[in-house]
Amino acid sequence: MIKVAVFMGSASDEPLMKPCVEVLAKLGIEYLFTVTSAHRTPERTERLVAELEAQGCQVFICAAGMAAHLAGAVAARTTRPVLGVPLAASPLSGMDALFSTVQMPPGFPVGTLALDKAGAKNAAWMAAQILALSDPGLAQRLKDERAGFVAAVEEAAVAVEEADAARCAGKQGS
Ligand code: RP5
């Protein structure tokens, strides 16, 4: 069953949004990754939200650049959580998409993540955390992934400290 829908305003957004579905796949979350536009295909967007909601989709992730109204348009049609990823797709470097995505009227929130790939990844992590509230197996997988992040930082710290110690020892010896 599709648990998360990942919408992009254009196929040109795919390179920035691929990391989102890679995280969902890694966590074993079923998703739909597709293109639909608030402006170019408003009827398709409306139909997709209704159909996916009826099928049990729990979270909608919406990414768009420029006048990025996709997340807001989806938030207008569902009370399920909507996460927005603003994309830098214009000479305004994403400020246009950020403001369009984040500035929603009260009662129609869009949980807005960072721009581009960082936001794409965190939208998937956030969706997973929402789903994990009612999925103990997923909650455990998230804890395991966190442990992996901790181990990676600790390994990096040891590597940097050892390299620095070797550099200092080299200087003293010369
Ligand atoms: C937005 O306009 C899309 O999300 C994309 O970021 C941007 C440009 O779209 P294309 O002209 O490349 O289709 O709606």
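Anything mentioned here points back to the structure above.
First things first, this report covers the structure right here in the doc. (Residues numbered from 1 in each chain as written. Predicted model: local features only at pLDDT ≥ 70, side-chain atom pairs only at ≥ 80, totals over all residues. Heavy atoms only, no water.)

### What about the packing of aromatic side chains?
(1) Moving on: All told, the structure shown has two aromatic pairs when counted by the stated rule.
(2) Moving on: Judged by centre distance (6.0 Å) and plane angle (55°), the rings of phenylalanine 7 and phenylalanine 60 are tilted. You can see phenylalanine 7 sitting in strand 1 (residues 4-8) and its partner phenylalanine 60 sitting in strand 3 (residues 59-65), a full 53 residues away along the chain. Neither residue differs from the other here; phenylalanine 7 and phenylalanine 60 are each classed as buried.
(3) Moving on: Where tryptophan 125 meets phenylalanine 149, the ring centres are 5.6 Å apart and the plane angle is 65°; that geometry is what we call edge-to-face. In this pair, tryptophan 125 sits in helix 5 (residues 116-132) while phenylalanine 149 sits in helix 6 (residues 136-173), placing the two residues 24 residues apart along the sequence. (Phe/Tyr/Trp six-rings, centres within 6.5 Å; stacked < 30°, edge-to-face > 60°. Helix = DSSP H or I, 4+ residues; strand = E, 2+ residues; numbered from the N terminus. Buried < 20%, exposed > 50% of the residue type's maximum accessible area, 1.4 Å probe, protein only.)

### So, helix 2 (residues 42-55)
(1) Moving on: Helix length check: helix 2, at 14 residues, gives a terminal C-alpha distance of 20 Å against a target of 20 Å (1.5 Å per residue), a fit within 8%.
(2) Moving on: Packing partners of the buried residues in helix 2 comprise strand 1, strand 2 (31-35), strand 3 and helix 3 (70-75).
(3) Moving on: Positioned one or two residues after helix 2, glycine 56 has a phi angle of 105°, which is positive. (Expected span 1.5 Å × (residues − 1). Contact = heavy atoms within 4.5 Å.)

### Side note on the layout of surface pockets
(1) Moving on: Quantified by volume, the largest pocket comes out at close to 260 Å³.
(2) Moving on: Lining the largest pocket we find 16 residues, and of these Gly9, Ser10, Arg40, Gly65 and Met66 sit closest to its centre.
(3) Moving on: Here the residues of the lining of the largest pocket are counted per class, giving seven nonpolar, seven polar and two charged.
(4) Moving on: Taken together, Met1, Lys3, Gly28, Ile29, Glu30, Gln58, Leu131, Ser134, Asp135, Leu138 and Arg141 make up the lining of the second largest pocket.
(5) Moving on: Counted by class, the lining of the second largest pocket contains four nonpolar, three polar and four charged residues. (1 Å grid on protein atoms, 1.4 Å probe; cavity = no way out; pocket = protein on both sides within 12 Å on 5 of 7 lines; lining within 4 Å. Points joined across faces, edges and corners; volume = space filled by probe spheres on them. Nonpolar A, V, L, I, M, F, W, Y, C, P; charged D, E, K, R; others polar.)

### Side note on the site of the ligand
(1) Moving on: Residues in close proximity to the ligand include Gly9, Ser10, Ser12, Asp13, Arg40, Ala64, Gly65, Met66 and Ala89, which together make up its full environment.
(2) Moving on: Note that an oxygen atom of the ligand is positioned 2.8 Å from one of the side-chain N or O atoms of arginine 40.
(3) Moving on: Within the backbone of glycine 65, an N or O atom sits 3.1 Å from an oxygen atom of the ligand.
(4) Moving on: Taken by itself the ligand offers 360 Å² of open surface, and the protein chains cover 74% of this.
(5) Moving on: Its atoms largely coinciding with the cavity grid, the ligand occupies the largest pocket.
(6) Moving on: A class-by-class count of the residues in the shell around the ligand yields three nonpolar, four polar and two charged. (Near = heavy atom within 4 Å. Polar contact = N/O pair within 3.5 Å; in protein donor to acceptor, adjacent residues only side chain to side chain. Areas by Shrake-Rupley, 256 points an atom, 1.4 Å probe, with all protein chains shown as cover. Sits in = over half its atoms within 2 Å of the grid points.)

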